[in-house]
Amino acid sequence: MVSSTSQKPKQPPSLQCYATLGVSPYADSKALTSAYHRLALLHHPDKNNNSPESKAKFQRVQETFEYLSNHACRKDYDQLVAVAHAGSRRELDESYKNLHEIRQKMGQSEMLLNPGPNAAWHIGTMASYMHKESELLELIKLKSQLLVALDREVRQIPAEPEKAQPSQYEDAGASFHKLHAQYQEQKNKSLKQQVANQQQQLESLQQQVTSQKQQLDIKEAEIEKLRTQEQDAREIALKFRRERDYQINLMMEVDSLKEQISTRDVEEKERSSVVREEKDQLRVLNRRLLREINTGTSNRQKSTG
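The sections below set out a description of the structure shown in this document. Keep in mind that what you see is a predicted model, and the values were worked out from it rather than measured.

Residues other than glycine seldom take positive phi values, yet Asn-49 does so here, at roughly 55°. Position of Asn-49 relative to the elements: it lies in the loop between α2 (29-43) and α3 (52-69). Of note in this structure, Asn-50 is not a glycine but carries a positive phi near 55°. For Asn-50, the location among the structural elements is in the loop between α2 and α3. By relative accessible area, Asn-50 is classed as partly exposed at 43%.

For the rest of this paragraph, the subject is a nonpolar patch on the surface. A surface patch of nonpolar side chains, amounting to about 290 Å² of accessible area, comprises Leu-289, Leu-290 and Ile-293. Following the sequence through the fold, Ile-293 ends up in helix α7 (residues 174-304).

This part covers the packing of aromatic side chains. Within this structure, the stated rule accounts for three aromatic pairs. Arranged with centres 5.6 Å apart and planes meeting at 65°, the rings of Tyr-18 and Tyr-77 form a pair that is edge-to-face. You can see Tyr-18 sitting in helix α1 (residues 17-21) and its partner Tyr-77 sitting in helix α4 (residues 71-107), a full 59 residues away along the chain. Of the two residues examined, Tyr-18 and Tyr-77, each falls in the buried class. Seen from their ring centres, Tyr-67 and Tyr-77 are 6.3 Å apart, and the 80° between their planes marks the pair as edge-to-face. Of this pair, Tyr-67 sits in helix α3 while Tyr-77 is found in helix α4, placing the two residues ten residues apart along the sequence. Following the ring pairs from residue to residue traces out a cluster consisting of Tyr-18, Tyr-67 and Tyr-77.

All right, on to the nonpolar core then. Nonpolar side chains in soluble globular proteins tend to be buried together. In this structure, Leu-21, Val-23, Leu-32, Leu-68 and Tyr-77 are the most contacted members of the largest nonpolar core, which totals 19 residues. Mapped by element, the contributors of at least two residues to this core are α1, α2, α3 and α4. Excluding anything up to four places from it in sequence, Leu-68 contacts Cys-17, Tyr-18, Leu-21, Leu-32, Arg-74 and Tyr-77. Counting 16 residues, the second largest nonpolar core, distinct from the first, contains Leu-92, Met-106, Leu-137 and Ile-140.

Following the sequence through the fold, Val-154 ends up in the loop between α5 (119-151) and α6 (166-172). Val-154 gets classed as buried once you look at its relative accessible area, which sits at 14%. Contacts of Val-154, omitting those with residues within four sequence positions, involve Pro-25, Tyr-26, Val-81 and His-85.

Quick look at the environment of Asp-78 now. On the secondary structure map, Asp-78 appears in helix α4. Look at Asp-78 and you get buried, because its relative accessible area is 4%. Linking Asp-78 and Glu-153, residues 75 residues apart in sequence, is a C-alpha distance of 7.7 Å. Looking at Asp-78, its side chain comes within polar contact range of the side chain of Tyr-18, at 2.9 Å.

The next subject is α3. The terminal C-alpha atoms of α3, which comprises 18 residues, lie 26 Å apart, in line with the 26 Å expected from a rise of 1.5 Å per residue. Of the residues making up α3, those classed as buried are Ser-54, Phe-58, Val-61, Thr-64, Phe-65, Tyr-67, Leu-68 and Ser-69.

About the cut-offs
Residues numbered from 1 in each chain as written. Predicted model: local features only at pLDDT ≥ 70, side-chain atom pairs only at ≥ 80, totals over all residues. Heavy atoms only, no water. Helix = DSSP H or I, 4+ residues; strand = E, 2+ residues; numbered from the N terminus. Buried < 20%, exposed > 50% of the residue type's maximum accessible area, 1.4 Å probe, protein only. Patch = residues over 30% accessible without salt bridge, like charges linked within 9 Å, V, L, I, M, F, W, Y side chains within 5 Å. Areas by Shrake-Rupley, 256 points an atom, 1.4 Å probe, with all protein chains shown as cover. Salt bridge = Lys/Arg side-chain N within 4 Å of Asp/Glu carboxyl O. Phe/Tyr/Trp six-rings, centres within 6.5 Å; stacked < 30°, edge-to-face > 60°. Core = buried A, V, L, I, M, F, W, Y, C linked by side-chain atoms within 4.5 Å. Contact = heavy atoms within 4.5 Å. Polar contact = N/O pair within 3.5 Å; in protein donor to acceptor, adjacent residues only side chain to side chain. Expected span 1.5 Å × (residues − 1).

In structure tokens:
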């Protein structure tokens, strides 16, 4: 055990020193010593097969008792816990304020009234708000738990006379401790009720978040369905364009064949015309030859007669 005149440590072992020893923040030195002996005997390594867990618990109990046994250390600790408690309360209020602002923004979102052509942007914004809301709810839950833990450590010590001794304070404060224990019990019940109410509110908020997430999932499913339909329409249009291009190519080939046939017809006509001319020339030649033959025959007959 460390006396109150020994050099005090720079920092407390934790911000749950009273909870570690299982005593009230208003416990006197006798209560601290009794709690220490009980816990030291319970967690002593020799009685727990030298397990690492028992060693850690025993060391934590010993360090906490040594710290609180120092009157100056205990006074500093009470002040430190009071400051931490007030700061945690402010942070919790700030978190509730931020949560209220986020919900106002979510309630004012245009997507709830008229999604319009910017539905995708509104959905992204709402998802961002919901993510921030979930983070704030988790933060409020943690801060509420921390505040409850610190509330068990808060101790308001009445101003001591300049020459008052610790023993006199302990004797004179016995009745005060008893009265405050009753007050602290009522306060703890009230805090537990508040925490229970906050838990119900958190559960209700989580249900709302779950419902909104389900609605977002439905919207995303509808958007995905529209995207699928759009993709199918694009594929049909592409297929139609391919068929049209194929038909155009066929028509171009048919036109080409028609041109070839027309060219051949012209060539055939030209050939037929040449053949007719040649036939006509042959007829003329035949006639000429026949006349010459007939003329020759007549001359021979005259000469013979």
